[in-house]
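# Observations on chain architecture
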Amino acid sequence: MFSVFTLEDEPWYSPDRRIVDAERDISLNFMNATGRERGKAFALTHGDMTVPFHTAESDGTDPKTGDWYFASEIVSFGTSIYLKGDRDVPDYAFTTHEEARRWRRIAAEALLVFGRDYNGFDYPQEQVRVVLNDELLTRREFGYER
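Residues numbered from 1 in each chain as written. Predicted model: local features only at pLDDT ≥ 70, side-chain atom pairs only at ≥ 80, totals over all residues. Heavy atoms only, no water.

Along the chain, the position of Asn29 falls in strand 3 (residues 26-33). Residue Asn29 is classed as buried on the basis of its relative accessible area of 19%. At a separation of 3.5 Å, a polar atom in the side chain of Asn29 contacts the side chain of Ser27. Setting aside chain neighbours within four positions, we find Asn29 in contact with Arg17, Arg18, Ala41, Phe42, Ala43 and Thr45. (Helix = DSSP H or I, 4+ residues; strand = E, 2+ residues; numbered from the N terminus. Buried < 20%, exposed > 50% of the residue type's maximum accessible area, 1.4 Å probe, protein only. Polar contact = N/O pair within 3.5 Å; in protein donor to acceptor, adjacent residues only side chain to side chain. Contact = heavy atoms within 4.5 Å.)

Okay, here's the thing in C-alpha coordinates:
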(Lines give C-alpha, C1' and ligand atoms only; values in the text may rest on other atoms or scores of the structure.)
Protein backbone atom coordinates (compact mmCIF):
# COMPACT_ATOMS: atom_id res chain seq x y z
CA MET A 1 0.00 0.00 0.00
CA PHE A 2 1.13 3.52 -0.70
CA SER A 3 2.14 6.06 1.93
CA VAL A 4 3.68 9.52 1.94
CA PHE A 5 7.46 9.48 2.32
CA THR A 6 9.48 12.45 3.51
CA LEU A 7 13.07 12.38 4.72
CA GLU A 8 13.45 12.96 8.44
CA ASP A 9 14.12 16.60 9.36
CA GLU A 10 13.03 17.77 5.90
CA PRO A 11 10.39 20.51 5.63
CA TRP A 12 6.90 19.61 4.37
CA TYR A 13 7.74 21.14 0.98
CA SER A 14 10.90 19.07 0.45
CA PRO A 15 11.47 18.02 -3.18
CA ASP A 16 12.37 14.57 -1.82
CA ARG A 17 8.76 13.86 -0.79
CA ARG A 18 7.07 11.12 -2.73
CA ILE A 19 4.35 8.53 -2.58
CA VAL A 20 5.91 5.11 -1.92
CA ASP A 21 4.84 1.49 -1.82
CA ALA A 22 8.00 -0.12 -0.42
CA GLU A 23 6.63 -3.65 -0.75
CA ARG A 24 6.16 -3.30 -4.51
CA ASP A 25 9.16 -0.95 -4.97
CA ILE A 26 6.99 1.72 -6.61
CA SER A 27 7.09 5.47 -6.10
CA LEU A 28 5.22 8.45 -7.45
CA ASN A 29 7.03 11.76 -7.75
CA PHE A 30 5.28 15.06 -8.36
CA MET A 31 7.36 16.84 -10.98
CA ASN A 32 5.52 20.09 -11.77
CA ALA A 33 2.20 21.74 -12.45
CA THR A 34 0.71 21.74 -15.93
CA GLY A 35 0.44 25.49 -16.36
CA ARG A 36 -2.86 27.21 -16.98
CA GLU A 37 -4.90 24.02 -16.82
CA ARG A 38 -5.51 22.49 -13.39
CA GLY A 39 -3.35 19.41 -13.29
CA LYS A 40 0.03 18.00 -12.42
CA ALA A 41 2.86 16.06 -14.05
CA PHE A 42 4.27 12.96 -12.36
CA ALA A 43 6.85 10.22 -12.76
CA LEU A 44 5.88 6.73 -11.63
CA THR A 45 8.93 4.56 -10.99
CA HIS A 46 9.55 0.87 -10.46
CA GLY A 47 13.15 -0.32 -10.60
CA ASP A 48 14.62 1.02 -13.85
CA MET A 49 11.18 1.85 -15.28
CA THR A 50 10.01 5.48 -15.22
CA VAL A 51 6.56 6.30 -16.57
CA PRO A 52 5.84 9.99 -17.12
CA PHE A 53 2.22 11.13 -17.08
CA HIS A 54 0.05 14.10 -16.33
CA THR A 55 -3.39 14.67 -14.91
CA ALA A 56 -6.29 17.06 -15.12
CA GLU A 57 -8.02 18.05 -11.89
CA SER A 58 -11.60 19.02 -11.18
CA ASP A 59 -14.04 19.54 -8.36
CA GLY A 60 -17.35 17.74 -8.31
CA THR A 61 -20.48 17.18 -6.30
CA ASP A 62 -21.57 13.66 -5.46
CA PRO A 63 -25.06 13.19 -6.99
CA LYS A 64 -26.19 10.93 -4.14
CA THR A 65 -24.94 12.90 -1.13
CA GLY A 66 -24.41 16.41 -2.50
CA ASP A 67 -20.92 16.39 -0.93
CA TRP A 68 -17.93 18.05 -2.58
CA TYR A 69 -15.06 15.96 -3.96
CA PHE A 70 -11.80 16.52 -5.77
CA ALA A 71 -10.92 14.30 -8.76
CA SER A 72 -7.81 13.62 -10.81
CA GLU A 73 -7.86 12.05 -14.24
CA ILE A 74 -4.84 10.72 -16.09
CA VAL A 75 -4.75 12.58 -19.40
CA SER A 76 -1.50 11.26 -20.85
CA PHE A 77 0.28 8.10 -19.68
CA GLY A 78 3.73 7.03 -20.82
CA THR A 79 4.48 10.51 -22.07
CA SER A 80 3.95 14.06 -20.87
CA ILE A 81 4.64 17.31 -22.66
CA TYR A 82 5.10 18.84 -19.20
CA LEU A 83 8.13 16.64 -18.50
CA LYS A 84 10.06 17.49 -21.66
CA GLY A 85 12.78 20.12 -21.78
CA ASP A 86 14.32 20.93 -18.40
CA ARG A 87 12.74 17.86 -16.72
CA ASP A 88 13.68 15.61 -19.64
CA VAL A 89 11.80 12.52 -18.50
CA PRO A 90 11.83 10.16 -21.49
CA ASP A 91 8.65 8.58 -22.81
CA TYR A 92 7.92 5.03 -21.75
CA ALA A 93 6.64 2.47 -24.28
CA PHE A 94 4.53 -0.30 -22.80
CA THR A 95 4.86 -3.69 -24.46
CA THR A 96 1.14 -4.52 -24.24
CA HIS A 97 -2.15 -2.76 -23.58
CA GLU A 98 -2.59 -4.98 -20.51
CA GLU A 99 0.72 -3.77 -19.08
CA ALA A 100 -0.29 -0.14 -19.65
CA ARG A 101 -3.71 -0.76 -18.07
CA ARG A 102 -2.12 -2.38 -15.00
CA TRP A 103 0.33 0.49 -14.47
CA ARG A 104 -2.38 3.10 -15.05
CA ARG A 105 -4.39 1.48 -12.23
CA ILE A 106 -1.31 1.57 -9.97
CA ALA A 107 -0.84 5.25 -10.83
CA ALA A 108 -4.50 5.90 -9.96
CA GLU A 109 -3.99 4.27 -6.56
CA ALA A 110 -0.91 6.43 -5.90
CA LEU A 111 -2.80 9.58 -6.95
CA LEU A 112 -5.48 8.88 -4.34
CA VAL A 113 -2.79 8.90 -1.64
CA PHE A 114 -1.16 11.98 -3.19
CA GLY A 115 -4.46 13.92 -3.05
CA ARG A 116 -3.84 17.54 -3.97
CA ASP A 117 -0.37 17.83 -2.46
CA TYR A 118 0.74 14.73 -0.57
CA ASN A 119 -2.38 15.07 1.57
CA GLY A 120 -4.79 12.39 0.33
CA PHE A 121 -5.09 10.85 3.80
CA ASP A 122 -6.09 14.24 5.24
CA TYR A 123 -9.43 13.98 3.42
CA PRO A 124 -12.25 11.48 3.92
CA GLN A 125 -12.14 8.74 1.26
CA GLU A 126 -15.12 10.10 -0.66
CA GLN A 127 -13.50 13.53 -1.10
CA VAL A 128 -10.45 12.33 -3.07
CA ARG A 129 -11.25 10.47 -6.28
CA VAL A 130 -9.59 9.36 -9.48
CA VAL A 131 -11.33 8.86 -12.80
CA LEU A 132 -10.26 5.55 -14.29
CA ASN A 133 -12.10 3.94 -17.22
CA ASP A 134 -15.04 6.32 -16.74
CA GLU A 135 -15.36 5.24 -13.09
CA LEU A 136 -14.78 7.44 -10.04
CA LEU A 137 -12.58 5.49 -7.61
CA THR A 138 -11.67 6.17 -4.00
CA ARG A 139 -9.00 4.61 -1.78
CA ARG A 140 -11.64 2.09 -0.68
CA GLU A 141 -11.51 0.34 -4.08
CA PHE A 142 -7.82 -0.32 -3.43
CA GLY A 143 -8.32 -1.71 0.09
CA TYR A 144 -7.41 1.34 2.16
CA GLU A 145 -9.26 1.61 5.48
CA ARG A 146 -8.87 5.36 5.80
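A separate point is the confidence of the model for the chain. Summing up the model confidence of the chain, the mean pLDDT is 93 and the portion of residues at 70 or higher is 100%. Ranking the elements of the chain by mean pLDDT puts strand 1 (residues 3-5) last, at 94, and helix 1 (residues 97-114) first, at 98. (pLDDT = per-residue confidence, 0-100.)

Here we come to the packing of aromatic side chains. Taken as a whole, this structure holds ten aromatic pairs when the rule is applied. A ring pair is formed by Phe30 and Phe42, whose centres lie 6.0 Å apart and whose planes are at 65°; its orientation type is edge-to-face. In this pair, Phe30 is assigned in strand 3 and Phe42 in strand 4 (residues 40-46), connecting sequence segments twelve residues apart. Judged by its relative accessible area of 29%, Phe30 is partly exposed. A network of ring pairs unites the aromatic residues Phe30, Phe42, Phe53, Phe77, Tyr92, Phe94, Phe114 and Tyr118 as a single cluster. Sitting over the face of the ring of Tyr69, Arg129 holds its NZ or CZ atom 4.2 Å from the ring centroid. (Phe/Tyr/Trp six-rings, centres within 6.5 Å; stacked < 30°, edge-to-face > 60°. Lys NZ or Arg CZ within 6 Å of the ring centre and 35° of its normal.)

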